[in-house]
Protein chains: 2
Amino acid sequence: MSARLPETESSECTRDRLLVAAREVFAESGFKGATVREICRRAGVNVAAVNYHFNGKEALFMAALELEPLENMIASSCGPDNAEVRLGRFIHEFMLRLMNGCCTPHSQLIMRELLEPSPALDSIAKEIMIPLHRHLTGLVREIVGDRVSDAEVRRHVFSLLGQCSYYRNTREMNRLMYPELAYDAQEIEATAKHITEFSLAGLKQAAGK
Amino acid sequence: MSARLPETESSECTRDRLLVAAREVFAESGFKGATVREICRRAGVNVAAVNYHFNGKEALFMAALELEPLENMIASSCGPDNAEVRLGRFIHEFMLRLMNGCCTPHSQLIMRELLEPSPALDSIAKEIMIPLHRHLTGLVREIVGDRVSDAEVRRHVFSLLGQCSYYRNTREMNRLMYPELAYDAQEIEATAKHITEFSLAGLKQAAGK
DNA sequence: GACTGTATCAAACGCTTGTTTGAAATTCAA
DNA sequence: TTGAATTTCAAACAAGCGTTTGATACAGTC
C-alpha cells in the first residue's frame, strides 16, 4: 500500500470510512440485510477491520447510529419571534434535514429504526425522539394555550411529525408516482410552508375551542 | 405424519400457512433480512416447500404482497354525506387498518415497502398508492374547491396520509415513550377524530384563500 | 393391485455470512 | 538500530443461506 498516515490518523481514517459506509448500507438494507462485506467494499477496507476497530457488526451498527444532536435544529426555532414564526422555521429546518441529499443516510437510518426497531431504540428515544417531542410540545403549547389537554397536544405533535416524515418515508414511491417532482430547495421550502400553514390552522382551531 | 387432507386442500393449506408466515417475517425483517428457514419454521413446513409452491423466495415475497384491494376502505367514504363527513369516515377506517392487530403484518409490509422499496414498488403503486391518492385527491378537491392548485391539493393529500401513517411507523417508539398509551378502538377513534379536525381546519383555510 | 401424479421430507450442495488468525507492513519510542 | 505496538492484509473457519435432489407417503385413476 502507499505511505501510511500516522497511526492514529490512519486508524481514525479507517474508522470514519467504515462509519460513513455503514450508515449508507444500514440505511438501505437494515441491520440484517446489510453485510459486513458490502460495508467494507464501500469503505475500501479489509473485512477484518470491522472487528478490529468496532468489535463486530452490531457495535458498528450502534456506532453508525451515533447521531448529531438536535441542538442546531432546535436552535433554529428559538429566539424572540412568536411561536408561529418559530414553528415555521423549525419545520423548514426539519424538512431540509429529511430531504437533503447529504443527510439521506442519517435520516433514512432513523426512519428505518422507527419502523424496524433494533436494540438501539432506547438510545434513539433518549437522544432524538424525546428532545424532539419535548421541543415541539413546548411550541404547540405556546400556540394552543393551557385549555387543551396533554393528550390533544401530543396528537398535534404527532400530526406535525407525521407530515414531515411522510416525505422521507415515501420518497421512492413519490419519485415513481410523480416523476417530474424534485425536492430541491425550492420545493422543500414550499412544502415546509404548506405544512406550517396547514398545521397552524389546526392548532389555532384547537386553541379556539 | 397424521392422515393427510385431499391433495388440493393439503396444497392450499401449505400455501396459506407459508403466506401468513411470510407476511409476518417479511414485515419484521424485510426481504433481505427475512430467511426462508425462518418463514418455514413459523409455517411448520419443509424448507423445500417454498420452491415447490412458489418457485423461490422472491416469488413468495411477491405473493405475500398480494394485497386486499382498497375498495372496502374507499367504499366507507362514498355515499350521500358531504365530503367532510366522508373524509372523517375514511380516516377512521384507514386508522383501523393501520393500527389493528390483525392487519399488522399487511400494513407493516406496505410501510416497509415504501421505506425500503423492492421490485414490487410498481405493483404497490398501481394497486394501492395510486387509487388511494386519487380517492383522497377527489375528497380534498371537493372540500377546497377549484381555486387551489394541483400542487397544493397534492400537499394536502400528503399531509393527510402522513398523519395517519406516522402512528404505524412509530408504533414501537411510541410504546417506549408513552408506555401507558394503548391504541385500542377508543384511542384509534379519538386519533381519527383529531386527524379529521386538524386537517379540515387546514383544508378550509386553503379553500378560503 | 398397479400405475401415475402430487405433496412432503431429510439431506446435501454451493455460496455467502460474520468472525478469527497468523503474517506482513508500518509507525513509534528508546 | 532494535524492539514494541498498531494497523492492515489474505486466507480460513464454522454457521447459515437459498435452492436442489432423490426418496417417501399418499391420493387418485383404471
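Since the model is a prediction, treat every value here as computed from it, not as a measurement.

## Quick notes on the relation of the copies chain A and chain B
In this arrangement, two copies of a chain are superimposed by a rotation about an axis accompanied by a shift along the axis.
Okay, so step 1: For the match of chain A to chain B, the screw axis carries a shift of 0.0 Å, the RMSD comes to 0.1 Å, and the turn is 180°. As the rotation angle and translation indicate, the two copies are arranged about a two-fold axis.
Okay, so step 2: Of the interface residues in chain A, 100% have counterparts in chain B that sit at the interface too, so the contact is made through matching surfaces.

## Details of the pattern of salt bridges
Okay, so step 1: Summed over the entire model, instances satisfying the criterion amount to 32 salt bridges over all chains.
Okay, so step 2: Notably, a salt bridge pairs E187 of chain B with R154 of chain A, separated by 3.4 Å at the nearest N-O pair. Of this pair, E187 of chain B sits in helix 11 (residues 185–208) while R154 of chain A sits in helix 9 (residues 150–169), each in a different chain.
Okay, so step 3: Measuring nitrogen to oxygen at the nearest pair gives 2.9 Å for the salt bridge that ties E152 of chain B to R155 of chain B. Note that E152 of chain B and R155 of chain B are positioned in helix 9 (residues 150–169) at a spacing of three residues, about one turn of the helix. Judged on exposure class, the residue E152 of chain B and its partner R155 of chain B are both buried.
Okay, so step 4: Among the charged side chains, a network of salt bridges with common partners joins E24, E28, E38, R41 and R42 of chain A.

## Topic: the interface of chain A and chain B
Okay, so step 1: Counting residues at the interface gives 52 residues for chain A and 52 residues for chain B.
Okay, so step 2: For the pairing of chain A and chain B, the buried interface totals around 4,800 Å² over both sides, and the portion due to carbon and sulfur atoms is 63%.
Okay, so step 3: Area buried by chain A at its contact with chain B is led by L115, Y166 and F198 of chain A, which between them contribute 16% of it.
Okay, so step 4: One can count six salt bridges joining chain A with chain B.
Okay, so step 5: At the boundary of chain A and chain B, one finds 21 residue pairs in polar contact (both at pLDDT 80 or more).
Okay, so step 6: Mapped onto the side of chain A that touches chain B, the elements with two or more residues apiece are helix 1 (7–33), helix 7 (104–115), helix 8 (121–144), helix 9, helix 10 (171–177) and helix 11 (185–208) of chain A.
Okay, so step 7: The biggest single contributor to the side of chain A that touches chain B is helix 9 of chain A, with 13 residues.
Okay, so step 8: The residue makeup of the side of chain A that touches chain B, split by class, is 23 nonpolar, 17 polar and 12 charged.

## Overview of the environment of R175 of chain A
All names here are of chain A.
Okay, so step 1: If you trace the backbone, R175 turns up in helix 10.
Okay, so step 2: Separated by 84 residues in sequence, R175 and I91 have C-alpha atoms that sit 22 Å apart.
Okay, so step 3: Within the structure, R175 has its side chain in polar contact with the side chain of E172 (distance 2.7 Å).

## Digging into the nonpolar core
Okay, so step 1: Ranked by internal contacts, the top residues of the largest apolar core, which has 140 residues, are M95 of chain A together with M95 of chain B.
Okay, so step 2: Excluding residues that lie within four positions of it along the chain, M95 of chain A makes contacts with N100, C164, Y167, I188, T191, A192 and I195 of chain A.

## Points about helix 7 (residues 104–115) of chain B
Residues and elements named next belong to chain B.
Okay, so step 1: Between its first and last C-alpha, helix 7 extends 16 Å over 12 residues, near the 16 Å set by a 1.5 Å rise per residue.
Okay, so step 2: Of all 12 residues that make up helix 7, nine are buried, and the element is covered over most of its length.
Okay, so step 3: Taken together, the buried positions of helix 7 are S107, Q108, L109, I110, M111, R112, E113, L114 and L115.

## Concerning the confidence of the model for chain A
Okay, so step 1: Averaged over all residues, the pLDDT of chain A equals 90, while 96% of them reach at least 70.
Okay, so step 2: The ipTM assigned to the predicted complex is 0.86, against a pTM of 0.89.

## Observations regarding the packing of aromatic side chains
Okay, so step 1: Within this structure, the stated rule accounts for 19 aromatic pairs over all chains.
Okay, so step 2: Here the aromatic rings of Y167 of chain A and F158 of chain B are separated by 5.4 Å at their centres, their planes lie at 70°, and the arrangement is edge-to-face. Here F158 of chain B lies in helix 9 and Y167 of chain A lies in helix 9, a pairing that spans two chains.
Okay, so step 3: Exposure remark for Y167 of chain A: the relative accessible area of 1% places this residue in the buried category.
Okay, so step 4: Relative to F158 of chain B, the ring of Y178 of chain A lies with its centre 5.9 Å away and its plane at 70°, an arrangement referred to as edge-to-face. You can see Y178 of chain A sitting in the loop between helix 10 and helix 11 and its partner F158 of chain B sitting in helix 9, one on each of two chains.
Okay, so step 5: Given the relative accessible area of 17%, Y178 of chain A is considered buried.
Okay, so step 6: Among the aromatic residues, those joined into a cluster by ring pairs are F158 of chain A together with Y166, Y167, Y178 and Y183 of chain B.
Okay, so step 7: Lying across the ring of F31 of chain A, K57 of chain A places its NZ or CZ 4.7 Å from the centre.

Rules used in this analysis
- Residues numbered from 1 in each chain as written.
- Chains lettered and ligands numbered in written order.
- Predicted model: local features only at pLDDT ≥ 70, side-chain atom pairs only at ≥ 80, totals over all residues.
- Heavy atoms only, no water.
- Least-squares fit on C-alpha atoms with pLDDT ≥ 70 in both.
- Contact = heavy atoms within 4.5 Å.
- Salt bridge = Lys/Arg side-chain N within 4 Å of Asp/Glu carboxyl O.
- Helix = DSSP H or I, 4+ residues; strand = E, 2+ residues; numbered from the N terminus.
- Buried < 20%, exposed > 50% of the residue type's maximum accessible area, 1.4 Å probe, protein only.
- Buried area = accessible area lost by both parts, 1.4 Å probe.
- Polar contact = N/O pair within 3.5 Å; in protein donor to acceptor, adjacent residues only side chain to side chain.
- Nonpolar A, V, L, I, M, F, W, Y, C, P; charged D, E, K, R; others polar.
- Core = buried A, V, L, I, M, F, W, Y, C linked by side-chain atoms within 4.5 Å.
- Expected span 1.5 Å × (residues − 1).
- pLDDT = per-residue confidence, 0-100.
- Phe/Tyr/Trp six-rings, centres within 6.5 Å; stacked < 30°, edge-to-face > 60°.
- Lys NZ or Arg CZ within 6 Å of the ring centre and 35° of its normal.

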